[in-house]
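Chain by chain, the residues:
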Amino acid sequence: MNKKQLERISSGKGFIAALDQSGGSTPKALLQYGIKEDSYSNEKEMYELVHEMRTRIITSPAFDSKFILGAILFENTMDRYIDGQYTADYLWEKKGIVPFLKIDSGLANLEDGVQLMKPIPGLTDLLNRANNRNIFGTKMRSLIKEANAAGIKKVVKQQLDIANQIVDMGLVPIIEPEVDINSVDKEASEKLLKNEILAQLSTLDKDAKVMLKLSIPTKNNFYTDLIDDPHVVRVVALSGGYTQAEANEKLALNHGLIASFSRALSQGLTAGQTDEEFNSMLSKSINSIYEASIK
């Protein structure tokens, strides 16, 4: 584990940029960027286009370590280059931004009110490659749609079982048990989730370090005890479908919680913009998310 990167993530001011759309979410991300599905004819061309989009974001002067602590990458992005360097090396060496890797393979079918992660094939190999590419940590997502205690317990157990494997490989896992913002019992789900996380964190080895990526809570400052837990490096928030303005407004009311936004970060960016327009829009987004993250 890179100690300098650990200190930056644990105590730095700023937020984590989520640039990890993959699989089924990639066409949607490209469409938001102004690239229609008829602009590419296969997966290879699609991923080339999305890498061009991410490269434009990462190399922008607005994408600055004054505001951004880390960036979460998709596996395909990790294996590609920016200006002759692997993406993670470019992020850290040129930008001073800590690289993370999305490792999950998507969601299983809904059961007990939740969607667990699908099995992650070749996990050990993927983690070895992450280490070889100088990745600091990982991210994996589950989804909670109902306040079902049994389902939420399964979500947290699955996440922490895999997190232990990640910790053993010298990486810091971001655990993302997202609560659907449209759930009718969102607040009840959050209570069950927090209690389960606290209970299962207590079973970890005393030196194990994890991060949490959670939906912005219904009750302000509800995750303070998770933020203060000695096992937790940082608690970050996903935008979860809120607009950038909504997400920033809600985030700013939660002391110690910082952003890890994806759609809210790239909102308003399009392929047809000039570099000046693109950088100006990205700068406005980054500044607004940063301000919400440090309140």
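Because the structure is a prediction, the values reported are computed rather than measured.

Criteria and cut-off values
- Position numbers for residues start from 1 in each chain and track the written sequence from start to end.
- Only residues with pLDDT of 70 or above have their local features reported here, since the model is predicted, and side-chain atom pairs are shown and tallied only from 80 upward, although totals for entire chains, interfaces and linings are computed over all residues.
- Remark: hydrogens and water are excluded; side-chain values derive from all non-hydrogen atoms of the structure.
- Counting from the N terminus, the helices are DSSP H or I runs at least four residues long and the strands are E runs at least two residues long.
- Atoms counted for the radius of gyration: C-alpha only. Globule rule: 2.2 Å times the number of residues to the power 0.38.
- Here's how the labels work: a residue is buried when its accessible area is under 20% of the maximum for its type, exposed when over 50%, partly exposed in between, all with a 1.4 Å probe on protein chains only.
- The term salt bridge refers to a side-chain nitrogen of Lys or Arg lying within 4 Å of a carboxyl oxygen of Asp or Glu.
- We call a set of buried Ala, Val, Leu, Ile, Met, Phe, Trp, Tyr and Cys residues a nonpolar core when their side-chain atoms join them within 4.5 Å.
- Fitting a line to C-alpha atoms yields each axis, with helices limited to the stretch in contact; the angle taken between N-to-C directions then spans 0 to 180 degrees.
- With respect to orientation, any angle under 35 degrees is reported as roughly parallel, any angle over 145 as roughly antiparallel, any angle of 65 to 115 as roughly perpendicular, and every other angle as oblique.
- We call a crossing left-handed when the near helix sits turned anticlockwise from the far one by less than a right angle, and right-handed when that turn is clockwise.
- Contacts: residue pairs with any heavy atoms within 4.5 Å of one another.
- For two strands to pair, DSSP has to find at least two bridges joining them.
- A 3.5 Å cut-off defines polar contacts: any pair of N or O atoms within that distance qualifies, except that in protein one atom must be a possible hydrogen donor and the other a possible acceptor, and neighbouring residues in sequence count only when both atoms are side-chain atoms.
- Each residue is assigned to one class: nonpolar for Ala, Val, Leu, Ile, Met, Phe, Trp, Tyr, Cys and Pro, charged for Asp, Glu, Lys and Arg, and polar for all the others, Gly among them.

Trainee: What am I meant to see in the overall build of the protein chain here?
Mentor: A tally of regular secondary structure across the protein chain gives 12 helices and 11 strands. Its C-alpha atoms give the protein chain a radius of gyration of 18 Å, near enough to 19 Å, the size a compact globule of 295 residues would have. Counting only C-alpha atoms and orienting by the principal axes, one finds that the protein chain spans roughly 50 × 40 × 40 Å. Classification of the 295 residues of the protein chain by burial places 54% in the buried group.

Trainee: What's the story with unusual backbone geometry in this structure? I'm lost.
Mentor: Trans peptide bonds make up the majority, and among non-glycine residues the majority have a negative phi. With a phi angle near 65°, Asn 134 is a residue other than glycine that sits in the positive phi range. Summarising the element assignment, Asn 134 is placed in the loop between helix H6 (123-132) and strand S7 (137-144). Located in the positive-phi region is Asn 221, a residue other than glycine, with phi close to 60°. Along the chain, the position of Asn 221 falls in the loop between strand S9 (210-215) and helix H9 (224-227).

Trainee: Looking at this structure, I do not really get the pattern of salt bridges. What am I missing?
Mentor: Close approach of charged atoms allows side chains with opposite charge to pair. According to the stated counting rule, one finds 16 salt bridges in the structure shown. A salt bridge links Asp 104 to Lys 102; its shortest N-O distance comes to 3.3 Å. Classification of Asp 104 as buried rests on a relative accessible area of 9%. The exposure class assigned to Lys 102 is buried, which follows from its relative accessible area of 13%. Residue Lys 154 is joined to Asp 112 by a salt bridge in which the shortest nitrogen-to-oxygen separation is 2.6 Å. On the criterion of sequence distance, the pair formed by Lys 154 in helix H7 (residues 149-168) and Asp 112 in the loop between strand S5 (98-102) and strand S6 (114-115) is long-range, its members being 42 residues apart. By relative accessible area, Lys 154 is classed as partly exposed at 40%. Linked through salt bridges whose partners overlap, the residues forming this network are Glu 75, Asp 79, Arg 129 and Arg 133.

Trainee: Could you clarify how one ought to interpret the nonpolar core in this entry?
Mentor: One broad rule of soluble globular proteins: the nonpolar side chains tend to lie buried together. Counting residues in each nonpolar core, the largest one holds 80 residues, and the members touching the most others are Phe 15, Phe 63, Leu 193 and Ile 286. Counting 15 residues, the second-largest nonpolar core is a separate cluster that includes Ile 72, Phe 136, Ile 174 and Ile 258.

Trainee: I tried to follow the packing of helix H2 (residues 25-32) against helix H3 (residues 43-59) on my own but got confused; where do I start?
Mentor: Helix-helix packing is described using two parameters, namely the angle between the two axes and the distance between the axes. For the pair H2 and H3, the least separation of the axes is 10 Å and the interaxial angle reads 50°. On the basis of their axis angle, the class for H2 and H3 is oblique. Every pair of crossing elements has a handedness; the one defined by H2 and H3 is left-handed. Every residue of H3 that contacts H2 at Thr 26, Pro 27, Ala 29 and Leu 30 is listed here: Met 46, Tyr 47, Leu 49, Val 50 and Met 53.

Trainee: Teacher, can you tell me more about the pairing of strand S10 (residues 232-238) here?
Mentor: Strand residues, when the strand is regular, have side chains that alternate between the two faces of the sheet. Within S10, seven of the seven residues are buried, leaving the element largely enclosed by the surrounding structure. Pairing of S9 with S10, which is carried by five bridges, proceeds in the parallel orientation. Bridging from a neighbouring strand, Leu 212 pairs with Val 235 of S10.

Trainee: Sorry if this is basic, but what is going on with the side chain of Thr 77 here?
Mentor: You can see Thr 77 is positioned in helix H4 (residues 75-78). Assessed through its relative accessible area of 1%, Thr 77 is described here as buried. A polar side-chain atom of Thr 77 sits 3.0 Å from a polar atom in the side chain of Arg 54. Those residues within four positions of Thr 77 in sequence are excluded, and the remaining contacts are His 51, Arg 54 and Thr 87.

Trainee: Is there a simple way to explain the packing of helix H10 (residues 244-251) against helix H12 (residues 275-293) in this structure?
Mentor: Contact geometry for H10 and H12: axes closest at 8 Å, N-to-C directions at 20°. In terms of axis orientation, H10 runs roughly parallel to H12. Considering only the axes of H10 and H12, their crossing is left-handed. Listed contacts from H12 to Gln 244, Asn 248 and Leu 251 of H10 are Ser 285, Ser 288, Ile 289, Ala 292 and Ser 293. In terms of residue class, the contact of H10 with H12 is built from three nonpolar, five polar and no charged.

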